Amino acid sequence: MFPALGPSDQRAPIRPDSPVELIPGIGPRRAEALKARGITTALDCLFHLPIRYEDWREPCAYRELRPGMTATVAGTLRQSSERPMVRAGRGRRMVTGWLLAGAERMGVVWFNLPPYLVRLLPFGRAVLVHGRISAAADGSLQIVNPAFHLAGASPAPALRSMYGLPAPIGQRLFSELVRKLLRDMDGVFAGAIPHTLRRAARLPELLDALRYLHVPPASANLSELCEGRTEAHRVLALDELFTFELAMQLDRRRAAAKPGFAFAGPHPLSAALLAELPFALTDAQHRVIREIDADLTSGSPMNRLLVGDVGSGKTVVALWAALRAVESGRQAAIMAPTELLAEQHYRAFQRYGAGLGVPNALLTGGASGAERVECLRGLARERISLVFGTHALIQRSVAMPGLGLAVVDEQHRFGVFDRARLKALGPNAHMLLMTATPIPRSLALVLFANLDVSFLDQMPPARAPVTTRIVAENRFEAVEALVRRKVSEGGRAYFVLPAIGEEGEPAAEEEQRRTVAAMVQTLSRGALGNLQIGVLHGRMAGARREDVMRNFRDGKLDVLVATTMVEVGIDVPEASVMVIVDAQRYGLAQLHQLRGRVGRGALEADCVLVAPEDIDPKSRARLAVLLDSSDGAEIARADLALRGPGDLLGSRQSGALPLRFARFVHEVEFIAQARALAEQLLAGPSKLKGPEAAGARQALKRMLRYGFGLADVG
Ligand code: ADP
Ligand code: MG
């Protein structure tokens, strides 16, 4: 019934990195299918964990069976009918029968069986069957398409691993393949954490952990297995995080070994900037500035990440750092992901630093030919000391021979290569990355272990407070009334929707007010019909998006209906209402960032979380965190507690890390353990050299192949 797996000793032995097509039983067609799933090597097969387990340990009593359950049942099989399934074609059959045990019985039905499998059904014999229980048309119970095991034939299975597999790979084929690989890898593969460290930390062997998860013993706890909470899961995650932390620390060491500029001279410009500001810096801003100053004077290149909530005042810090470069005779560049943001930085500098006499420029894709040429020449000849810009800064035509400091704002919006290209403009330049992604300190320190991290964890004195509330969908008129009132008071409103929808088409019933297109229709027909309504979403060209955003900033639009595009740090002081539709779909951190778009001026602001009236209590409790708190750090901690670090580590927000087992991380302390182990290895006499660290070296290589660029920063 299934192809036998031939003895492997007739071929080259299978190694962890052997391609799947070398595994006996895997021909070209199956190999292709596996590769399409990202399973390319023998080790990938072992790392492809079961998605669920069938529990064959305890046959269920007939009277305890209920529709909807998945159960194992013991009895003797008797056939009642067999008929062709015409529409299924290719001779497929439907077979029905009974499972009998004493006076009790239950229906059994198999659909779509090919004839050769029909012949294999063990009618007349004592069996264990396992499958889903459902109610037949007459209300009696039946088990549908069950797997079976002959009683007494071989020891009954305990827990059967079930995998997510592409069509040409059957469950049994893959299980057998994995069992065989587990034997082949014995003594060949031991994971990344060296033996002595592993023993000292009393960690089980990685291969034993894999064996436990693929072939669980009868004593295993099913719910722990299914939830990824066994010790074996932790061992896998720890080995992977160890490798990740190792990569980060190696990166950090390599960067620290490079020479950098020491900005040791006097501070005329940066001090004048602070003196010119119309406000006093917060204590946090002072502290962060001291941290950055220590880097800038150290003689090693700075690689620092500044984490600060929306509105915490990162821009002044960036301007201050840039002026430290300029007063030290160097050039500085501040890069932002959109033209509007670059413009905003440029304007902030004109506002606070105009009197300093620093030649500065704005370089974006929108610059005209002549302006561009002029700017490029100024940069190349070091006549321009400070430049603000977008991706235009990292085009090949740009040269800044005196670059001493580069700032990347909203750094998560840039790719690894963008940052590397900026760095290439001045290989020894200091780097300051900035992000408003709320990330708990504990997690940031391990995630960005290759960087120094500063936290801007204090907001400037409150301007307008933001009132947050949850409003049920069917009370949408109240939202419209609020927006109308706010606009009449001189404010502007954002509506954020989870999808774009089709413009010009009447919205389907279930889409009402759930897409940008449908919301625009609703608003322009309803109470807001006389307002200027603009649209912003990711299907629009970048230039058009920026135009719309500019119009909103300048007051030509009252209402902006958008997708989460609107998230990036644009400062529109008049924006005073943020309406988020289907708010329960977003993470807390993202909601908090959206809310940060309003309340940036003198107007009192509102944030309205629109959610279905029948929202489940858990989602509601989650949203309620936002009603009680406006502190990004606190919200990030709540997010962490609700979702667990595994989820955050695996999410796009943290920049899609090459971690496949991070979802099994349930405590932050655990990440710290991985970090400590990596530090121990690098503190040892032979570091990454020598046979002890062979597994670590290979794991690093694999992680790089799996999609992680160490060229990131530094
Ligand atoms: P973000 O950290 O989100 O980039 P910004 O740098 O844009 O925040 O600052 C938000 C607003 O707060 C700006 O208008 C800025 O001028 C103002 N601001 C920054 N620091 C302070 C401060 N210490 N006191 C008062 N206002 C400040
Ligand atoms: Mg900003």
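Thresholds, definitions, all that
- Residues numbered from 1 in each chain as written.
- Chains lettered and ligands numbered in written order.
- Predicted model: local features only at pLDDT ≥ 70, side-chain atom pairs only at ≥ 80, totals over all residues.
- Heavy atoms only, no water.
- Helix = DSSP H or I, 4+ residues; strand = E, 2+ residues; numbered from the N terminus.
- Buried < 20%, exposed > 50% of the residue type's maximum accessible area, 1.4 Å probe, protein only.
- Lys, Arg positive; Asp, Glu negative; His and termini not counted.
- Salt bridge = Lys/Arg side-chain N within 4 Å of Asp/Glu carboxyl O.
- Contact = heavy atoms within 4.5 Å.
- Expected span 1.5 Å × (residues − 1).
- Arc of directions from axis to C-beta.
- Pairing = 2+ DSSP bridges.
- Axes fitted to C-alpha atoms, helices over the stretch in contact; angles between N-to-C directions.
- Parallel < 35°, antiparallel > 145°, perpendicular 65-115°, else oblique.
- Left-handed = near helix turned anticlockwise from the far one by under 90°.
- Nonpolar A, V, L, I, M, F, W, Y, C, P; charged D, E, K, R; others polar.
- Domains from an automatic or database assignment.
- Right-handed = clockwise from strand over helix to strand, strands pointing away.
- Near = heavy atom within 4 Å.
- Polar contact = N/O pair within 3.5 Å; in protein donor to acceptor, adjacent residues only side chain to side chain.
- Areas by Shrake-Rupley, 256 points an atom, 1.4 Å probe, with all protein chains shown as cover.
- Core = buried A, V, L, I, M, F, W, Y, C linked by side-chain atoms within 4.5 Å.
- Phe/Tyr/Trp six-rings, centres within 6.5 Å; stacked < 30°, edge-to-face > 60°.
- Lys NZ or Arg CZ within 6 Å of the ring centre and 35° of its normal.

### Here we look at the side chain of aspartate 409
By secondary structure assignment, the location of aspartate 409 is in the loop between β12 (403-408) and α14 (416-425). Buried aspartate 409, no salt bridge; nearest opposite-charge side chain is lysine 314, N-O distance 5.6 Å. When residues no more than four places from it in sequence are discounted, the contact partners of aspartate 409 are Met335, Ala336, Pro337, His345, Phe414 and Met434.

### A look at the environment of methionine 434
Structurally, the position occupied by methionine 434 is in strand β13 (residues 430-435). Along the sequence, methionine 434 and valine 310 sit 124 residues apart, while their C-alpha atoms lie 11 Å from each other. The residues touching methionine 434, leaving out its near neighbours within four places in the chain, are Leu305, Leu306, Lys314, Ala318, Val407, Val408, Asp409, Glu410 and Gln411.

### What to know about helix α20 (residues 617-628)
Under the 1.5 Å per step criterion, the end-to-end length of α20 is 17 Å for 12 residues, consistent within 8% with the ideal 16 Å. Of the positions making up α20, those classed as buried are Ser619, Arg622, Leu623 and Leu626. Seen from one end, α20 has its buried residues packed into an arc of 90 degrees, which puts them on one side. Within α20, the exposed residues directed more than 90 degrees away from the buried face are Pro617, Lys618 and Asp628.

### What to know about the sheet that holds strand β6 (residues 141-150)
The sheet built from five strands closes into a barrel, its strands ordered β2-β3-β4-β6-β5 with mixed pairing. This sheet shows a mean twist of 50 degrees between the axes of neighbouring strands, independent of strand direction. Strand direction decides the pairing type here: strand β4 (residues 104-113) and β6, joined by three bridges, are parallel. From the neighbouring strand, valine 109 faces β6, where its bridge partner is valine 144.

### Some remarks on the packing of helix α6 (residues 206-214) against helix α8 (residues 231-256)
Running from N to C, α6 and α8 cross one another at 135 degrees; their axes reach a closest spacing of 8 Å. One way to sum up the angle between α6 and α8 is to call them oblique. Seen from above, α6 lies across α8 with left-handed handedness. Facing α6, whose interface residues are Leu206, Ala209, Leu210, Tyr212 and Leu213, α8 presents Ala232, His233, Val235, Leu236 and Asp239. Taken together, the residues of the contact of α6 with α8 break down into eight nonpolar, one polar and one charged.

### Some thoughts on the domain arrangement of the protein chain
Along its sequence, the protein chain is organised into domain 1 (1-52 + 164-188), domain 2 (58-157), domain 3 (268-437) and domain 4 (467-629). When each unit is reduced to the centre of its C-alpha atoms, the spacing between domain 2 and domain 3 is 70 Å.

### Some remarks on the pairing of strand β18 (residues 559-562)
The side-chain alternation of β18 yields two buried faces, one formed by Val559 and Val561 and the other by Leu560 and Ala562. The pairing of strand β16 (residues 492-496) with β18 spans four bridges and is parallel. By the bridge assignment, phenylalanine 495 is partnered in β18 with valine 561. Note that strand β17 (residues 533-536) and β18 share four bridges and pair parallel. Counted as the bridge partner of valine 535 is valine 561 from β18. Taking the sense of rotation as the criterion, the β-α-β connection linking β17, helix α18 (residues 542-553) and β18 turns out right-handed.

### Examining the pattern of salt bridges
Inspection of every chain in the model, using the stated rule, returns 34 salt bridges. The partner of aspartate 44 in a salt bridge is arginine 660, and the shortest N-O contact between them spans 3.2 Å. With aspartate 44 in helix α2 (residues 42-47) and arginine 660 in the loop between α21 (632-650) and α22 (668-683), this residue pair connects regions lying 616 residues apart in the sequence. Judged by its relative accessible area of 11%, aspartate 44 falls in the buried class. Here glutamate 343 and arginine 550 are joined by a salt bridge, their closest N and O atoms 2.8 Å apart. Of this pair, glutamate 343 sits in helix α12 (residues 339-353) while arginine 550 sits in helix α18, and the two are 207 residues apart along the sequence.

### Focus: the sheet that holds β17
The strand order across the open sheet built from six strands is β15-β20-β19-β16-β18-β17, with neighbouring strands paired in parallel fashion. Each edge of the sheet is formed by a strand with only one pairing partner; in this case those strands are β15 (466-472) and β17. In this sheet, neighbouring strand axes are inclined to one another by 15 degrees on average, regardless of whether the strands run parallel or antiparallel. Across the sheet, α18 is in contact with β16, β17, β18 and β19 (575-581); its angle to β16 comes to roughly 145 degrees.

### Thoughts on the site of ligand 1
Not every one of the 18 residues close to ligand 1 is listed here, only the nearest: Ala280, Gln285, Gly311, Lys314 and Thr315. Within the contact set of ligand 1, a nitrogen atom lies 2.9 Å away from a side-chain nitrogen or oxygen of glutamine 285. In this structure, arginine 600 approaches ligand 1 through a side-chain N or O atom, which is 3.4 Å from an oxygen atom. Bound to the protein, ligand 1 loses 85% of the 570 Å² it would expose on its own. Each residue belonging to the shell around ligand 1 can be placed in one class, and the counts come to seven nonpolar, six polar and five charged.

### A closer look at the nonpolar core
Counting 103 residues, the largest nonpolar core has Ile23, Leu46, Phe174, Leu210, Phe242, Leu246 and Leu363 as its most contacted members. Per-domain counts for this core show at least three residues from each of domain 1 (1-52 + 164-188) and domain 3 (268-437). Residues contacting leucine 210, with those up to four places away along its chain left out, are Leu46, Phe47, Leu49, Leu182, Phe189 and Leu236.

### Topic: the side chain of lysine 314
Considering the arrangement of structural elements, one finds lysine 314 in helix α11 (residues 314-327). Only 2.7 Å separates the side chain of lysine 314 from the backbone oxygen of glycine 308, close enough to count as a polar contact. Of the polar contacts made by the side chain of lysine 314, one reaches the backbone oxygen of aspartate 309; its length is 3.4 Å. Not counting chain neighbours up to four residues away, the residues in contact with lysine 314 comprise Leu306, Gly308, Asp309, Met434, Thr435, Ala436 and Leu456.

### Points about the packing of aromatic side chains
Counted under the stated rule, the structure contains 12 aromatic pairs. Where phenylalanine 47 meets phenylalanine 189, the ring centres are 6.4 Å apart and the plane angle is 70 degrees; that geometry is what we call edge-to-face. With phenylalanine 47 in helix α2 and phenylalanine 189 in the loop between α4 (171-184) and α5 (195-200), the pair connects residues that are 142 residues apart, well separated along the chain. A relative accessible area of 16% places phenylalanine 47 in the buried class. Following the ring pairs from residue to residue traces out a cluster consisting of Phe47, Phe189, Phe661 and Phe664. The ring of tryptophan 98 carries the charged tip of arginine 105 above its face, separated from the ring centre by 3.7 Å.

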